[in-house]
Amino acid sequence: MKTVRQKTERIHALDSLRAIMMLLGLVLHSVITYIGGEPYAAWPIRDPNNFNPNLEWISSLIHVFRMPIFMVVAGFFAALLFYERGSRRMFKNRMNRITLPFLVFVIILFVPVVGGMNYTLEVFASNPDAIENTLEKFSTAQSFIPTRTMHLWFLYYLIMFSVVSFLLGLLFKKLPKISKSIHNTFHYILKSPTLRLFVFTFLTVLILVFMDKYWVNTSTSFILEFNTFIFYLFFYMFGWLLYKSKSFLKTFMKHDWLFTILGTALFTWYFILDTVKLDLLIIMSIRSLACWLLIFGITGLFIRYASHHSARMRYISDASYWVYLLHLPLTIIIPALIADWDISGVLKFLFVMLTTSCICFVTYHFFVRNTFIGKFLNGRKYSRKTSDLKQVEIPELKIIRDK
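Residues numbered from 1 in each chain as written. Predicted model: local features only at pLDDT ≥ 70, side-chain atom pairs only at ≥ 80, totals over all residues. Heavy atoms only, no water.

A. The arrangement of the overall build of the protein in detail. Broken down by element type, the protein carries 14 helices and 2 strands. What you see for the protein is a C-alpha radius of gyration of 22 Å, in line with the 22 Å of a compact globule of 403 residues. The buried share among the 403 residues of the protein stands at 53%. For the protein, contacts bridging at least 24 residues in sequence account for 81% of all contacts bridging at least 6. Only carbon and sulfur atoms are counted for the fraction: they give 65% of the accessible area of the protein, which is about 19800 Å². With 42 positive and 22 negative side-chain charges, the protein shows a spacing of 20 Å between the two charge centroids. (Helix = DSSP H or I, 4+ residues; strand = E, 2+ residues; numbered from the N terminus. Rg over C-alpha atoms; globule rule 2.2 N^0.38 Å. Buried < 20%, exposed > 50% of the residue type's maximum accessible area, 1.4 Å probe, protein only. Contact = heavy atoms within 4.5 Å. Areas by Shrake-Rupley, 256 points an atom, 1.4 Å probe, with all protein chains shown as cover. Lys, Arg positive; Asp, Glu negative; His and termini not counted. Charge placed at Lys NZ, Arg CZ, Asp CG, Glu CD.)

What follows is the structure, encoded as structure tokens:
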């Protein structure tokens, strides 16, 4: 009997969700210079003249949900590739779309990022020899060798997650009973919005207790940071398992607005509290609950409102990879160029964000989208004669339609 091939359809909602989570990195790195407070190793620059402590709320809120959501979607699409296209093609795709861009751009962007950071620090310190001092730091060949992963840290960990999930996928294919039991349990938990919120909040708290931290720190070191690895692997594997229970995606729309509002309100309440008086376990629980409220809520909103094709949103999705790669040096250097402007920190943040966005999207449109760079990053390039409304389907963003 001839087998009838199942039709596929694009998952526009998750495609758009992944892109927006990447683009929020631009917002995050634009605002952080103007939040005030003590600088830290990953981002030492603080505008000494124009800052607004209230902007820290934006930075802190984005940190709670952005990367967990991104990892969930990344895990979902990796599983889609594994089960729909096969393990070998999944592995090859992840290496081409993640490993190669990481290796290339970690080298290309190292000098602009580190040099820009040094230059901006010199400018904020009112040093008239800012340019000369910055150039001196790259006087040897060794100074051009990347010493950290910078904002590409998530690609670095995605490479490892891809290998781990590939191996686990092969293992559980040989253990069908255990695999079925895991998926049935996951399936059962997803049925109830309340149960899944409780279970995954509880598991997140357990991970934080194990790490003895109220939240995970982003590691930009080439040396594997175990806490970062375990924490984000948890969200990635949630997305992987979610693919097998994809029929429940539509249930994320239930309470989507409520969960998003509650998650934002809960985090805002926590943010304005004197957290010194709170027990560490309470802080872990609040942040974990806010995180999962926002994961389920925001994902539900995208499924509700972004499940249909939009040429504009498809364009933004295609551009998001390039925009994320390019944005960091700009959000570092532009604050130095406007350091003397007599305007508020809020207006400077908006100027940095909008200027960086314009540069990134313009360069994508004219120098990436129709060139070999676009093919290198996204697996294809568009002809200038081809309308954006007539786009070729991307295999990794397809899903088997349930019969």
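We are not done yet, so read on.
B. Spatial organisation of unusual backbone geometry. For Ser126, which is not a glycine, the phi torsion comes out positive at approximately 60°. Positive phi, normally seen in glycine, also occurs at Met150, with a value near 55°. With respect to the secondary-structure elements, Met150 resides in the loop between helix H5 (130-136) and helix H6 (153-173).

C. Quick look at helix H13 (residues 345-368). For H13, with 24 residues, the first-to-last C-alpha span of 32 Å sits near the 34 Å given by 1.5 Å per residue. Within the span of H13, buried status applies to Gly345, Lys348, Phe349, Val352, Met353, Thr356, Ser357, Cys360, Thr363, Tyr364 and Val368. Buried residues along H13 sit against helix H1 (12-31), helix H2 (56-85), helix H12 (311-337) and helix H14 (372-378). (Expected span 1.5 Å × (residues − 1).)

D. Local environment of the nonpolar core. The biggest cluster of nonpolar side chains holds 125 residues, and the ones touching the most others in it are Phe154 and Phe235. If you tally residues by element for this core, the top one is H2, at 18 residues. Look past the residues within four positions of Phe154 in its chain and what remains in contact with it is Met22, Met67, Phe70, Met71 and Tyr324. (Core = buried A, V, L, I, M, F, W, Y, C linked by side-chain atoms within 4.5 Å.)

E. Expanded view of the state of the cysteines. Tallied over the entire structure, the rule returns 0 disulfides. Its sulfur unpaired, Cys360 is 9.4 Å from the next cysteine sulfur, which belongs to Cys358. Overall, the relative accessible area of 0% leaves Cys360 in the buried class. (Disulfide = S-S within 2.5 Å.)

F. Summary view of the pattern of salt bridges. Under the defined criterion, the tally for this structure stands at 6 salt bridges. When the shortest N-O distance is used, the salt bridge between Arg18 and Asp15 registers 3.9 Å. Taken together, the positions of Arg18 and Asp15, both in helix H1 and 3 residues apart, correspond to about one turn of that helix. This pair shows no difference in class: Arg18 is buried, exactly as Asp15 is. In this structure, Asp256 engages Arg304 in a salt bridge whose closest nitrogen and oxygen atoms are separated by 2.6 Å. Taken together, the positions of Asp256 in helix H10 (residues 256-272) and Arg304 in helix H11 (residues 280-305) put the pair 48 residues apart, joining distant regions of the chain. Overall, Asp256 belongs to the buried group, its relative accessible area being 3%. Shared partners join several salt bridges into a network, and the residues in it are Arg314, Asp318, Arg369 and Arg380. (Salt bridge = Lys/Arg side-chain N within 4 Å of Asp/Glu carboxyl O.)

G. Layout of the packing of aromatic side chains. The final tally for this structure, using the stated rule, is 41 aromatic pairs. In this arrangement the basic side chain of Arg196 is found over the ring face of Phe296, its NZ or CZ atom lying 5.3 Å from the centre. (Phe/Tyr/Trp six-rings, centres within 6.5 Å; stacked < 30°, edge-to-face > 60°. Lys NZ or Arg CZ within 6 Å of the ring centre and 35° of its normal.)

H. A look at a nonpolar patch on the surface. A cluster of nonpolar side chains, Leu168, Leu171, Leu175, Ile178 and Ile182, forms an exposed patch at the surface whose accessible area comes to about 360 Å². For the nonpolar patch, the secondary-structure elements that each account for two or more residues are H6 and helix H7 (176-191). Residue classification places Ile178 among the partly exposed residues on the basis of a relative accessible area of 44%. (Patch = residues over 30% accessible without salt bridge, like charges linked within 9 Å, V, L, I, M, F, W, Y side chains within 5 Å.)

I. Spotlight on the packing of helix H3 (residues 87-108) against H12. At a minimum axis distance of 12 Å, the contact between H3 and H12 shows a crossing angle of 30°. Put simply, H3 runs roughly parallel to H12. Where H3 crosses over H12, the handedness of that crossing is right-handed. Counting all contacts with H3, which are made through Arg97, Ile98, Pro101 and Phe105, the residues of H12 involved are Tyr321, Trp322 and Leu325. Split by residue class, the contact of H3 with H12 holds 6 nonpolar, no polar and 1 charged. (Axes fitted to C-alpha atoms, helices over the stretch in contact; angles between N-to-C directions. Parallel < 35°, antiparallel > 145°, perpendicular 65-115°, else oblique. Left-handed = near helix turned anticlockwise from the far one by under 90°. Nonpolar A, V, L, I, M, F, W, Y, C, P; charged D, E, K, R; others polar.)

J. Inspection of the packing of H3 against H6 at higher detail. Contact geometry for H3 and H6: axes closest at 9 Å, N-to-C directions at 170°. Classed by the angle they form, the pair H3 and H6 counts as roughly antiparallel. Contacts between H3 and H6 involve Ser87, Arg88, Met90, Phe91, Arg94, Met95, Ile98, Thr99 and Phe102 from the first element and Leu155, Tyr156, Leu158, Ile159, Ser162, Val163, Ser165, Phe166 and Leu170 from the second. Of the residues assigned to the contact of H3 with H6, the class counts are 12 nonpolar, 4 polar and 2 charged.

K. Quick look at the confidence of the model for the protein. On average, residues of the protein carry a pLDDT of 89, and 92% of them reach 70 or more. Between residues 1-8, whose pLDDT stays under 50, and residues either more than four places distant or in other chains, the model counts 10 contacts. With pLDDT under 50 throughout, residues 387-403 is counted as low confidence; its partners more than four residues away or in other chains account for 55 contacts. (pLDDT = per-residue confidence, 0-100.)

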